[in-house]
Number of protein chains: 2
Amino acid sequence: MIYLDHAAATPVSEKVLAAMKPYFLDDFFNPSAAYLPAKKVASDYEMAKATIAHAIGAKGSDIVITAGATEANNLAFTALTSGCPLEASAGKLVLYLATEHDSIRRVAERYGGTEIKVQKNGVIDLGDLKAKITDETQLISIALVNNELGTIQPLAEISTIIREIKLDRLKRGVKTPLYLHSDASQALNLLEINVARLGVDLLTISAAKTYGPKGVGALYVSHDIRLQPLTVGGGQERGLRSGTENVAGVIGFAEAVRETKEHLNSNRKKYKELKKTLLDELQGYELVNKKHSLDSFIVLCYNGLDAERLIFLLEDREVYVATGAACAASKGEKSHVLKAIGLPEAEIAGSLRLTLGQTNTKEQILEAAKIINEVVEGEKKRLRNG
Amino acid sequence: MIYLDHAAATPVSEKVLAAMKPYFLDDFFNPSAAYLPAKKVASDYEMAKATIAHAIGAKGSDIVITAGATEANNLAFTALTSGCPLEASAGKLVLYLATEHDSIRRVAERYGGTEIKVQKNGVIDLGDLKAKITDETQLISIALVNNELGTIQPLAEISTIIREIKLDRLKRGVKTPLYLHSDASQALNLLEINVARLGVDLLTISAAKTYGPKGVGALYVSHDIRLQPLTVGGGQERGLRSGTENVAGVIGFAEAVRETKEHLNSNRKKYKELKKTLLDELQGYELVNKKHSLDSFIVLCYNGLDAERLIFLLEDREVYVATGAACAASKGEKSHVLKAIGLPEAEIAGSLRLTLGQTNTKEQILEAAKIINEVVEGEKKRLRNG
């Protein structure tokens, strides 16, 4: 098996599973219970939260643990003073990048959000951003790394623009708050992240994309923001997210973050080399994400071919790749991201997303290139003879 | 260690962990991905959901997987036609039992809910229920088994009352819907549950209380109910709860349910015997939950003693018990449940909750009784000499 879809899901390492194991079997106590072994579990949980938070330059008390990136993204939007996420507001409270993940698009739609354009290279159109910010705008959501192209957005530059607008609002006595949220799910295991340096007020991270367990994520929340909990009850996570803590999951997330951070530089170097090898070996493609993109994201366009058929044929040879984002793909929809960067229909239809990860070796990449070339050649022949 | 707090948390068995393991390490694929190994994961996930659903007499497509009972309880309340859970409604849309868990109380408060009284034995006061249902009432929430007393509520009887009211509404042309929700978190591993026989429209279950992993729960939703998702995004769980599926967690939940159901009768018999042994051996207590309660729940009152001090002293002897619900206890609050059944302050202060579980043996119970007797005796002596 050659797995080239690490943006969709990452495996948990034996080490991460070993870290989680005692919290399933022996240290299973409810962190809210009054006796010592339970308090020890509560303390281990807080330590794990601190480890996760440190990875983005924050403190444990700055983050809210969620069931994943989607919940964290939804929670971030409760910063809006309208409060209720269940009724679409007519106002233009929200701006979000045209290439955002569905978990941003769907929640933004609830508030009548407006899209910010991207350039052909997938990078935000800063002119469009500036033009669309009004005195009503409260939240701007821009993923640090796009999940289909791997495009890295210039968040520090964006936050400078936002800071200027906030200053101007202050001068003019406009009291509407303005927050910058970023979904960094795809970035955590590949970029150094520091919330202060990025200038974000809210930041989403996910264990499932960082070689940790599925079902765990976190939202960084800056001190001046008051969120509305999506779930109320026992008052866990400082009242922002009630429910018995997913102790094993958070311990696993922390261990995964520790491992990932340790190998961050060597992994990036490795992906750069693997990408070069792959692009050198492959034939007859166009590279969609040429610039401003993480080396682990390789989006290939085979003009005139059907990517869904390619995936199916590659699957037979045990090479696993994606078209658009996994969720869009399973619903048979065309990628809104490739549309947003202006790719014509025919090229969208022939686009494959390959995302490298810790499981990949040079041998695998050479083998994958050979198989992809053969499959593509076979398809072209079939169409010529068709 | 003698653990007598199974209502707060249950351990995961080696067998459940073994069932989860491959989904962390090898079958880690995103269920939404297009290739075969991912589709296999999606199918395993659906099979696991079906197993969980069968345990309550439902189909896999009838349940929505959540991050736990609290989220399931919160999701249930979105059945209210007002829709928005973030703003308290002045209307009396919601009735809930005075002894409900905080995850019901807090969300009910958002809608300005009204409490239904319980009798001294902890069982619902049906007269009070009938008196409080108005034409505005949309949702009635009553836990199948109370989490502090183990009281079993007569849900089938309650649902008969509700059915009559619905019929009456129909006759009079009143269009307001009326739903019965039950939090069955504490019941799943100890009672045969069948949603049709209970007559519930919505039912919450939790893996964390059923020897499965923390961070997984489910809400049964009857076909005629339209919920509002708390989180939107990729459209998982039929659009009712977006986010990459917690595959390993759900597989673990299913395995735990399978094991639990297999041993349901033998466990109940075991708890009945252990309870008898314990009550025979203990001295100088009053049993708070004499009737209508699961045998695994034993609430003892030591009049004049301080339960929090007893817990602390028992902890030194490695016997772990609780006062009120774990979450209330950690905040130093007095139990609203013991208040609701009319227990005087002094007796509430001296009340211990012991909950039996699969880890307990007869030897443990004899040893625990001996230690509790000694600790109680020591405390009485100290107070006499004080």
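All figures in this text were calculated on a predicted structure; none of them were measured in a lab.

Procedures and definitions
Residues numbered from 1 in each chain as written. Chains lettered and ligands numbered in written order. Predicted model: local features only at pLDDT ≥ 70, side-chain atom pairs only at ≥ 80, totals over all residues. Helix = DSSP H or I, 4+ residues; strand = E, 2+ residues; numbered from the N terminus. Buried ≥ 20, exposed ≤ 12 C-beta atoms within 10 Å, placed from the backbone. Contact = placed C-beta atoms within 7 Å. Domains from an automatic or database assignment. Nonpolar A, V, L, I, M, F, W, Y, C, P; charged D, E, K, R; others polar. Least-squares fit on C-alpha atoms with pLDDT ≥ 70 in both. Pairing = 2+ DSSP bridges. Axes fitted to C-alpha atoms, helices over the stretch in contact; angles between N-to-C directions.

**Thoughts on the environment of Val247(B)**
By the element assignment, Val247(B) lies in helix 8 (residues 247-262). The class for Val247(B) is buried, based on 27 C-beta atoms found within 10 Å. A sequence separation of 206 residues divides Val247(B) from Val41(B), and the C-alpha atoms of the two residues are 7.8 Å apart. Excluding residues that lie within four positions of it along the chain, Val247(B) makes contacts with Lys214(A), Tyr23(B), Pro31(B), Val41(B) and Tyr45(B).

**A word on the domain arrangement of chain A**
A common way to state how big an interface is: give the accessible area lost once the parts meet. All names here are of chain A. Each assigned domain of chain A is listed here: domain 1 (2-9 + 264-385) and domain 2 (14-261). In this structure, domain 1 and domain 2 have C-alpha centres spaced 28 Å apart. In this assembly, 23 residues from domain 1 lie in contact with 24 residues from domain 2. When the residues that make up the side of domain 1 that touches domain 2 are grouped by side-chain class, the tally is 12 nonpolar, 8 polar and 3 charged.

**Let's talk about the relation of the copies chain B and chain A**
The operation relating chain B to chain A is a screw motion whose rotation component is 180°, with 0.0 Å of axial translation and a residual RMSD of 0.0 Å. On this basis, the relationship between the two copies can be described by a two-fold rotation axis. The overlap is high: 98% of the interface residues of chain B also sit at the interface in chain A, so the same surface is used on both sides.

**Considerations on the sheet that holds strand 3 (residues 94-97) of chain A**
For sheets, the rule is that strands pair by backbone hydrogen bonds, running either parallel or antiparallel. Residues and elements named next belong to chain A. The strand order across the open sheet built from 7 strands is 2-8-7-6-5-3-4, with neighbouring strands paired in mixed fashion. The strands lining the two open edges of the sheet, one partner per strand, are strand 2 (63-66) and strand 4 (114-116). For this sheet, the mean inter-axis angle between neighbouring strands, taken without regard to orientation, is 20°. In this structure, strand 6 (residues 179-183) lies alongside strand 7 (residues 202-206), joined through 3 bridges in parallel fashion. Across the sheet, His-181 pairs through a bridge with Leu-202, a residue of strand 7.

**Some thoughts on helix 4 (residues 102-110) of chain A**
Residue and element names in this part refer to chain A. In terms of burial, helix 4 is largely enclosed, as 8 of its 9 residues are buried. Burial in helix 4 covers these residues: Asp-102, Ser-103, Ile-104, Arg-105, Arg-106, Val-107, Ala-108 and Arg-110. Once helix 4 finishes, Gly-112 follows within two positions and takes phi at roughly 65°, a positive value.

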